[in-house]
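A closer look at the structure
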Amino acid sequence: MEHYTHDRNWGCRISDEHVFRGLRALVMENELIRVTVLLDKGSDIYEFLYKKTDTDFMWRSPNPLRDPRAFEPTSMRADGSFMDYYHGGWQEIFPGCGARYSYKGAEIGQHGEVSTIPWNCRIATDSPGEIEAVLTVRTYRTPFYIEKKLRMVSGVAALFISETVVNEGREEMDFMWGHHPALGYPFIDETCRIDVPATKVEVQAESGVTSRLKPGASFESFPIIKDKEGRDFDLSAVPSAEAATAEMCYLMGLREGWFAATNQGKKIGFGMSWDKKVFPVVWLWEVFGGGFGYPWYGRTYNLAMEPMTSWPGGMANALARGTTKKIGPLESISTSLTAVAYDGVTSVKRIAPDGKVEGE
């Protein structure tokens, strides 16, 4: 932290002076939204609050946020520490997505390196009309550096994100990269629907017993596909927690890079926009009361739509399919995303990079 932030209580506000459950936190807000970022834990977005309706879209796991310095697991999991510290919310996933893997002699745990370590933070802009924070991190088992800028402007219910990944190594590297926002109750309920401009669906091959879909099935359509019994199935619909189901799918063939989740009963929603050339697939992870055994034990009701570079989950699987991204020695890749809250509509036709929502 380079300075004391302004004590402004109107317009755009930003402060990196907060400590939440022992962890440094960045709080950014304007007249419409408040976003809390956990600097000491992966730059996770813990809160994305729409002030107009007092709605925090982020899901909270049954396992609460824990300070790693004050909590030691009973044993080290073979998959790594991600699940022991997974509190819900929104994670940056890099340089691997999904199961643990080995690559060029490095063992990388579930969902990569950056989601469990501290990030640096510098406040670059602090005015009533605009705020911006610059977050940076270096991976420790791979040679990457990430710079992420988070920006808000007055009167706009959107968080603007721009990122650059740098390969500081002297050899080409494969990587998987994505964002993992999980949405939860009370925003998520049986009146919700999802909109994604996808044209293809692939069901994860390792789908669990509570999935309504056939493992490994693929379809040249969205949202209407087929369930295990060959019946029409609407993948855009959200059931109640009593459905006791869990699905993992990959939504592909994107016409544009955006998704929207809309609660039709409350006419409020959360969505994202991004460059589909960088993130050409959406991982759709749904647990509607059907995640049994470790780690959920039937306690969860959540929905996640995750812009990703690659599929299926796990570096070994993505390498086999040829879907990983490659970055040469000392090269960089830059991109941008926008996350937005909205209201007054029951479905969405498009979310633009500037945060404008076309709904009906």
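Report follows, based on the coordinates.

Calculation rules
- Residues numbered from 1 in each chain as written.
- Predicted model: local features only at pLDDT ≥ 70, side-chain atom pairs only at ≥ 80, totals over all residues.
- Heavy atoms only, no water.
- Salt bridge = Lys/Arg side-chain N within 4 Å of Asp/Glu carboxyl O.
- Helix = DSSP H or I, 4+ residues; strand = E, 2+ residues; numbered from the N terminus.
- Buried < 20%, exposed > 50% of the residue type's maximum accessible area, 1.4 Å probe, protein only.
- Pairing = 2+ DSSP bridges.
- Axes fitted to C-alpha atoms, helices over the stretch in contact; angles between N-to-C directions.
- Core = buried A, V, L, I, M, F, W, Y, C linked by side-chain atoms within 4.5 Å.

The subject of this paragraph is the pattern of salt bridges. The tally for this structure, following the rule as stated, stands at 22 salt bridges. Taking the shortest distance from any N to any O, the salt bridge between D174 and K326 comes out at 2.7 Å. With a gap of 152 residues between them, D174 in strand β13 (residues 173-175) and K326 in strand β25 (residues 325-327) connect regions that are remote in the sequence. Judged by its relative accessible area of 10%, D174 falls in the buried class. Residue class for K326 comes out partly exposed when judged on its relative accessible area of 49%.

Time to look at the sheet that holds strand β10 (residues 130-138). Taken in spatial order, the eight strands make up an open sheet running β9-β10-β11-β12-β26-β22-β21-β15, and their pairing is antiparallel. The open sheet has two edge strands with one neighbour each: β9 (120-126) and β15 (192-195). Going from strand to strand, the sheet's axes swing by 15 degrees on average, the running direction of each strand aside. Where β15 meets strand β21 (residues 258-263), four bridges bridge the pair, whose relative direction is antiparallel.

With 99 residues, the main nonpolar core has L26, F48, L235, L251 and F270 as its most contacted residues. Among the elements that make up this core, the one with the highest residue count is strand β23 (residues 281-288) (seven residues). Listed in part, the 10 residues of the second largest apolar core include A158, F160, A260 and V340.

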